[in-house]
Amino acid sequence: MKHIENVSRRSFLKKFGMSSTALVLGVQLPSMLTIPKALAGVTSSDTFSPSVYVQVSADNIVSIVVHRSEMGQGIRTSIPMIVADEIGADWQKIAVVQGLGDKKYGSQNTDGSRSVRRFYQPLREAGAAARMMLQQAAAEQWQVDVSETLAKNSTIVHTKSDRVLTFGSLVSAASKLTLPKQSDLILKAKKDFNLIGKSDVALVDGKKIATGQTTYGFDVELDNMQYAVIARPPVLGAKVKSFNSDAAKAIAGVIDVVQMPDLEEPALFKPLGGVAVIAKNTWAAIKGREALDIQWHESAHKSYNSAEYKKALAESCDNPAKTLRSKGNVTQALVDAKQVITASYYVPELIHVPMEPPAATAHYHDGIFDIWACTQTPQSAQGTVAQILAVAPENVNINVTLLGGGFGRKSKPDFVVEAAILSKQLNVPVKVMWTREDEVKNGYYHAVSYQKLMAGIDEHNQVTAWQHHVAEPPIGSTFSKGADLIGSEASLGLVDMPYDIANVSCAIGKAPAHTRIGWMRSVTNINHVFAISSFIDELAQAKGVDSKDNLINMLGSDRKIDFAQENADYSNYGETLEKFPVDTARMKAVIEKASKMAKWGRSLPKGHGLGIAMHRSFVSYVACVVEVSENIDGKVKVHDVWMAVDCGLAVNPERIRSQMEGAAIFALSLTFYSELTAKNGVIEQNNFDDYQVARIADAPTTHVEIIASDAPPGGVGEPGVPPIAPAICNAIFNATGKRYRELPLKKYGIV
Amino acid sequence: MITLNINGKEHQFNDDGNMPLLWALRDTLKYTGTKYGCGKGLCGACTVHVDGQPVRSCVMPVSALANVKITTIEGLSEQGDHPVQQAWQDLNVVQCGYCQSGQIMSAVALLEREPNPNDKDIELAMSGNICRCGTYQRVKQAIHLAADLATEVKGS
Ligand code: FES
Ligand code: FES
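Here, residues in each chain are numbered from 1, in the same order as that chain's written sequence. Whichever chain is written first becomes A and whichever ligand is written first becomes 1, with later ones labelled in order. In keeping with the model being predicted, local features are shown solely for residues with a pLDDT of at least 70 and side-chain atom pairs are shown and tallied solely at 80 or more, while totals for entire chains, interfaces and linings include all residues. Only hydrogens and water are set aside when side-chain values are computed; all heavy atoms of the structure are taken into account.

A word on the overall build of chain A
And then number 1: Only DSSP runs of H or I covering at least 4 residues are called helices, and only runs of E covering at least 2 are called strands; the numbering of each starts at the N terminus. A count of helical and extended segments in chain A gives 19 helices and 30 strands.
And then number 2: Radius of gyration here is computed from C-alpha atoms only, and the compact-globule reference equals 2.2 Å multiplied by the residue count raised to the power 0.38. For 751 residues, the compact-globule estimate of 2.2 N^0.38 gives 27 Å, and the C-alpha radius of gyration of chain A, at 27 Å, lies within 12% of that figure.
And then number 3: Projected onto the principal axes, the alpha-carbon positions of chain A cover approximately 80 × 75 × 45 Å.
And then number 4: Residue exposure (1.4 Å probe, protein chains only): buried if accessible area is under 20% of the type maximum, exposed if over 50%, otherwise partly exposed. Within the span of chain A, comprising 751 residues, buried residues form 67% of the whole.
And then number 5: Within chain A, contacts between residues at least 6 apart in sequence are counted, and of these 77% link residues at least 24 apart.
And then number 6: Per-residue accessibility takes into account occlusion by the displayed protein chains alone, with areas from the Shrake-Rupley method and a 1.4 Å probe. When the accessible area of chain A is evaluated, it comes to approximately 25300 Å², of which 49% is carbon and sulfur surface.
And then number 7: For chain A, the distance from the average site of its 78 positive side-chain charges to the average site of its 78 negative ones is 2 Å. Two residues qualify as a contact provided that any one of their heavy atoms is within 4.5 Å of a heavy atom in the partner residue. His is not counted here, nor are the chain ends, while Lys and Arg score as positive and Asp and Glu score as negative. Here the site of a charge means NZ on Lys, CZ on Arg, CG on Asp, or CD on Glu.

Below is the structure:
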C-alpha cells in the first residue's frame with residue numbers, strides 16, 4: 001500500500017475552502033490495533049487511512065492540519081513544528097487547521113500521551129514528501145540536478161546560483177509530480193532542524209488566548225441556539241420515576257423541559273439520562289433546573305458508601321482473585337526472610353475537574369448533525385452519536401474546539417450525545433453545558449484503590465521478596481456491566497514494577513464498580529506508583545540505606561526487562577519492546593540527573609526533607625526529587641520539585657517543560673487535597689470548595705531537565721504525574737519521620 | 001432595563017436583573033472571553049473589572065452594575081499588547097488557556113494597585129484563580145515580567 005497519497009483535488013479542498021491550485025498530501029498511519037482498549041477509548045479505525053494533511057497553496061501559505069485535540073499540551077504548536085521543519089516552511093507563513101473528526105486521519109483519540117509518539121514519523125514523512133516534490137519542481141524549472149536544491153523559509157534555493165523560488169510559485173508544477181515512495185524519502189538530519197527541539201517557538205494560540213479571542217466548547221454560539229442543562233441521576237443507573245416541571249417552566253427564559261432516555265448499563269459513552277431544561281440563556285436553564293421536582297427510582301448502586309467500600313477493598317486484597325505476575329516463590333522467600341515489611345496504601349476516588357467542564361453544541365438539520373465540542377475523541381463522538389441517533393457516521397460532523405483542559409474526561413463523549421439528542425428532538429441548535437457540580441457528581445472517575453505490599457529482606461540486607469496486592473474497580477466495568485477485576489490497568493505501574501527482586505508476586509482482588517470508572521491523567525499509574533515508590537522508600541529505611549542509593553541498587557544491572565519472562569502480560573502502552581524497551585539504564589540516568597539537580601545528600605535546613613521517586617510510563621522515564629518543610633504548626637510545604645525526564649527525542653522542549661510543571665501541580669492536588677466520597681451511591685462533593693485542588697500559594701518551583709536522546713519520542717502529557725505523590729510523602733518522612741500511606745494528606749491536618 | 005458599560009461601549013440589558021454578569025456577558029452580549037469555571041466565586045475564571053476592581057462575574061448580579069465601568073479581557077487593550085498580555089505571551093504561560101482570561105484580569109488589577117509586587121503579594125492577589133493545568137509558576141514569573149515591562153513603558 002502506498003504510504004502517502006496525493007489528494008490535491010479531493011474533498012479536502014472543499015472542506016476547508018482552500019484554493020484548488022494547491023499541493024496537498026495525505027499520510028498513512030500506523031495501525032492502532034495494539035493499543036490497550038481502555039486507553040484507546042473506542043478505537044474505530046484499524047485501517048491505514050490518511051492521517052494528516054499538508055497543503056501548500058499558491059499564496060505561499062503552508063497549511064497544516066492538526067488532527068489531535070488541543071487541551072493545553074501544546075499539540076497545535078508541536079505538530080506544525082514537526083511538519084514545518086521537515087518541509088522547510090517559514091514559521092510565519094503557516095496556517096494551522098483543526099481537523100474534523102474523520103477516520104481518514106487514523107486515530108484522533110487524544111489520550112494515552114501518544115500524539116507525538118505515534119505521529120512523529122508520519123508527520124515528518126508528509127513534510128519530506130512535500131518538500132521533495134517542491135525541490136523536484138524547482139530543479140526541473142532551473143534544469144539543474146535536484147541535489148543542488150534545498151528548502152528554506154518557504155522557498156527552494158538553488159545552492160550553486162543562489163536562485164530562489166517560493167513554495168507558492170511551485171505549487172502548480174509540484175502537484176503534477178508523482179509522489180516519492182516512502183523508501184525514497186529523505187528526512188532532514190537532526191543537525192539541520194530549525195524548529196524540532198527548539199525552545200523559542202511561540203504558542204500558536206498564545207495571543208488569541210491572552211486576548212480572549214479563542215473558542216472553547218463552552219463558547220460556541222449558533223444562530224437561534226438554545227441553552228441546556230440537565231438534571232442527571234444522583235446515583236448511577238437511577239431512572240426517572242416522575243417529575244413535575246411546572247415551576248421550572250414558570251421561570252422567565254425557560255423554553256422547554258425534556259426527559260432524556262434512561263441509561264441501561266453498561267454506561268459506555270451513553271448519556272446518563274435525567275431531565276433537561278432548555279432555555280434562552282444559561283442562567284434561566286440553571287434556575288429552571290433548580291425548580292424541577294424529580295422522583296427517582298432506586299438503583300442498586302445506592303449501596304455504595306466510601307467508608308465501607310474501603311474496608312471491602314482491604315479485604316479483597318487479602319483474597320486476590322488473580323495473579324498477574326509471578327517470579328520465583330514469594331511465600332517461601334517471605335518465610336526465609338530475616339525481616340518482613342508490610343504496608344497498605346489508599347488513594348480515594350478522584351475526578352478530573354478541567355477548568356472547562358464538558359460542553360457540546362449540536363445542530364440537527366436535513367438528517368445531518370453539525371456538532372462543536374471540546375472532545376478529546378472526535379471519532380468516538382461521531383461513532384456514538386451515529387449509533388445512538390441511528391444515522392450514518394458520515395452525517396455526523398464533529399468540529400473540535402479548543403479544550404479548557406481534558407485530563408481524560410473529554411475522551412468520553414456522553415455530553416456530545418446529549419446535545420445531539422436534544423437538537424434532534426427540539427429541532428433547533430442546542431448547547432449542553434455541564435456545571436461544575438455536574439462534572440463532579442456525574443463523572444467518569446479515577447478508581448479508588450487499596451493496596452497491600454509485603455517484602456522480605458534477607459540477612460545480607462537484600463530485598464528477596466515482593467508481594468503487591470491491589471483492589472480497585474476496573475475501567476472495564478464502564479464497558480461491561482459487572483466487571484470487577486482490572487485488566488489493562490495492570491500494565492500501568494503494577495506488573496511493570498522494575499526493581500530486581502528474586503521473588504515477585506502481583507495479584508488483584510475483586511472490586512465491583514458503583515460509579516462510571518474512566519481514565520484520568522496517567523490513570524492507575526497514580527495509585528500503583530504511589531504505593532510502589534513509597535514502599536521502596538520504606539524498604540530503604542528498613543535496610544538503613546539512603547533512599548536514592550537504594551533505588552539505584554534495587555534496579556540491579558543495566559538491562560532491558562521483558563516482563564513476559566515473569567509470567568506477566570505487559571502491554572507497554574501499545575508499543576513493541578524492541579522500539580520502546582523497558583531500560584533500567586535510562587531509569588538510573590533520570591534518577592542520577594534529578595539527584596544532581598537537587599543536590600541530593602546536601603545538608604538541609606531544620607524541618608526540611610528531600611524525597612525521591614522514579615517511574616517509567618507512556619514509554620518515558622521521569623525521576624523527581626522534592627523538597628518539603630514542616631513548620632512549627634506541623635504544616636507541610638513543598639518548596640521545589642526537580643524533574644528529570646527522558647522522553648526520547650524532545651520535539652518541543654518548551655512544552656515538555658510546561659507539561660512537567662503542570663504534572664507536578666496536578667499530582668500535588670491529589671497528594672494534598674482531592675478526595676471524593678460516596679454516601680448511598682451519591683458523590684458527596686460539589687465544587688472547588690469541597691473538592692479542592694492546588695492554588696498558587698501551594699505551587700513549588702519546578703525545575704525540569706530533559707535528557708538528550710535520539711530514541712523515538714515517548715509520551716509527555718502524563719508521565720510527569722505518577723512519581724510526584726510518593727516523592728512528596730518520602731520527603732515528608734525524611735523531614736518529619738512520619739510516614740503517610742493514605743491520600744489526600746489534608747486528612748492528617750498537615751496542610 | 002439596565003445600561004451596561006462594557007469596554008467603553010453601552011449595552012441595553014433587559015433580561016432578569018438577577019442574572020449574574022457572567023451569563024449576561026457570555027449569552028446575551030456575546031463577550032465569551034470571560035469564562036465559567038464554578039459559578040460560585042471559587043475559581044476566578046470569570047474575573048472582570050468593575051471600575052478597575054477585580055470581580056467574580058459569576059456571583060455579581062447585573063442589577064448592581066448600572067453606572068459602573070466593566071472591563072473584560074476583550075477590552076483590556078486594543079492590540080492585545082497590555083504589558084500583562086505581552087508578558088503572558090513572552091513566557092508562554094498558558095496551557096489550555098481556559099483560566100487565563102481570569103488570571104490576566106486578576107494580574108492587571110494587582111499591578112494597578114501594586115506596580116511592583118513581591119511573591120507574597122502575588123500569591124495573595126492570585127489565590128482566587130485556579131489553574132488546573134498548573135501554570136502557577138509561570139503566572140508568577142509573568143507578573144514580575146509585566147511589572148518590569150510596565151516600568152519600561154512608563155520610563156521611556
Ligand atoms: S466561575 Fe466565577 S469564580 Fe468560578
Ligand atoms: S491554563 Fe488550563 S486551566 Fe489554566
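So, next bit.
Describing the sheet that holds strand β7 (residues 155-158) of chain A
Residue and element names in this part refer to chain A.
And then number 1: The antiparallel open sheet is built from 3 strands, whose spatial order is β6-β7-β8. Where the open sheet ends on each side, the last strands, each with one partner, are β6 (149-152) and β8 (163-166). Here the strands of the sheet are splayed against their neighbours by 25° on average, with no regard to which way each runs.
And then number 2: By the bridge criterion, 4 bridges tie β7 to β8 in an arrangement that is antiparallel. From the neighbouring strand, I156 faces β8, where its bridge partner is L165.
And then number 3: Packing against the sheet, helix α4 (residues 115-142) makes contact with β6, β7 and β8, and its axis sits at approximately 45° to β7.
And then number 4: Each axis is a line fitted through C-alpha atoms, and for a helix only the stretch in contact is used; angles between axes span 0 to 180 degrees, taken between their N-to-C directions. This element, helix α5 (residues 167-174), spans β6, β7 and β8 of the sheet and lies at about 75° to β8. For two strands to be treated as a pair, DSSP must find no fewer than two bridges joining them.

A look at the domain arrangement of chain A
All names here are of chain A.
And then number 1: Examined at the domain level, chain A breaks down into domain 1 (6-210), domain 2 (217-298 + 358-433) and domain 3 (306-350 + 445-748).
And then number 2: Distance from the C-alpha centre of domain 2 to the C-alpha centre of domain 3: 37 Å.
And then number 3: Once two parts are joined, some of their accessible surface, as seen by a 1.4 Å probe, is lost; buried area is that loss totalled over both. Across the domain 2/domain 3 interface, buried area totals approximately 1200 Å², and carbon plus sulfur atoms make up 63% of it.
And then number 4: Throughout this description, the term salt bridge denotes a Lys or Arg side-chain nitrogen within 4 Å of a carboxyl oxygen of Asp or Glu. Taken together, the links from domain 2 to domain 3 amount to 1 salt bridge. Domain extents, as shown, originate in an automatic or database domain assignment.

What to know about the interface of chain A and chain B
And then number 1: At the junction of the two partners, chain A supplies 61 residues and chain B supplies 51 residues.
And then number 2: In total, chain A and chain B occlude about 4500 Å² of area from one another, counting both sides; carbon and sulfur atoms represent 56% of this.
And then number 3: Counting the surface chain A buries against chain B, the share from its top three residues, W283, M355 and I696 of chain A, is 19%.
And then number 4: Run the count over chain A and chain B and you get 7 salt bridges.
And then number 5: Across the pair R138 of chain B and E661 of chain A runs a salt bridge whose closest N-O atoms are separated by 2.8 Å.
And then number 6: Any pair of N or O atoms that falls within 3.5 Å is considered a polar contact. Within protein, one atom must be able to donate a hydrogen and the other to accept it, and sequence-neighbouring residues count only if both atoms are side-chain atoms. The interface formed by chain A and chain B holds 31 residue pairs in polar contact (both at pLDDT 80 or more) in total.

Thoughts on helix α16 (residues 547-555) of chain A
All names here are of chain A.
And then number 1: Counting buried positions along α16 gives 7 out of 9 residues, so the element sits mostly inside the fold.
And then number 2: Along α16, the residues classified as buried are S547, K548, N550, L551, I552, M554 and L555.
And then number 3: Summarising the contacts, the buried residues of α16 are in contact with β21 (463-471), α15 (525-543), α17 (584-598), β25 (608-617) and α19 (724-736).
And then number 4: Sitting at the head of α16, D546 places a side-chain oxygen 3.0 Å from the backbone nitrogen of K548.

So, the sheet that holds strand β26 (residues 620-630) of chain A
Sheet strands line up and pair through hydrogen bonds in the backbone, either parallel or antiparallel.
All names here are of chain A.
And then number 1: Taken in spatial order, the 4 strands make up an open sheet running β25-β26-β27-β30, and their pairing is mixed. Because the sheet does not close on itself, it has two edges, and the strands there are β25 and β30 (701-706). Strand-to-strand, the axes of this sheet are offset by a mean angle of 15°, without reference to chain direction.
And then number 2: Across 6 bridges, strand β27 (residues 636-646) lies against β30 in parallel orientation. Its bridge partner being in β30, V641 is matched across the sheet by T702.
And then number 3: Those strands touched by helix α18 (residues 653-672) are β26, β27 and β30, and its axis lies near 135° from that of β30.

Some thoughts on the side chain of R114 of chain A
And then number 1: Along the chain, R114 of chain A falls in the loop between β5 (94-98) and α4.
And then number 2: A polar contact of 2.4 Å, which involves the side chain of R114 of chain A, links it to the side chain of D111 of chain A.

Section: unusual backbone geometry
And then number 1: Residue P266 of chain A is bonded to the preceding E265 of chain A through a cis peptide linkage, with omega at 5°.
And then number 2: Turning to its location among the elements, P266 of chain A is positioned in the loop between β11 (254-260) and β12 (274-279).
And then number 3: Residues L743 of chain A and P744 of chain A are joined by a peptide bond in cis, for which omega reads -5°.
And then number 4: Counting through the fold element by element, P744 of chain A comes out in the segment after α19.
And then number 5: At N7 of chain B, a position not held by glycine, the phi torsion is positive, near 50°.
And then number 6: Turning to its location among the elements, N7 of chain B is positioned in the loop between β1 (2-6) and β2 (9-13).
And then number 7: A relative accessible area of 27% places N7 of chain B in the partly exposed class.
And then number 8: The phi dihedral of D51 of chain B falls on the positive side, at around 50°, and the residue is not glycine.
And then number 9: Within the secondary structure layout, D51 of chain B lies in the loop between β3 (47-50) and β4 (53-56).
And then number 10: For D51 of chain B, a relative accessible area of 47% corresponds to the partly exposed category.

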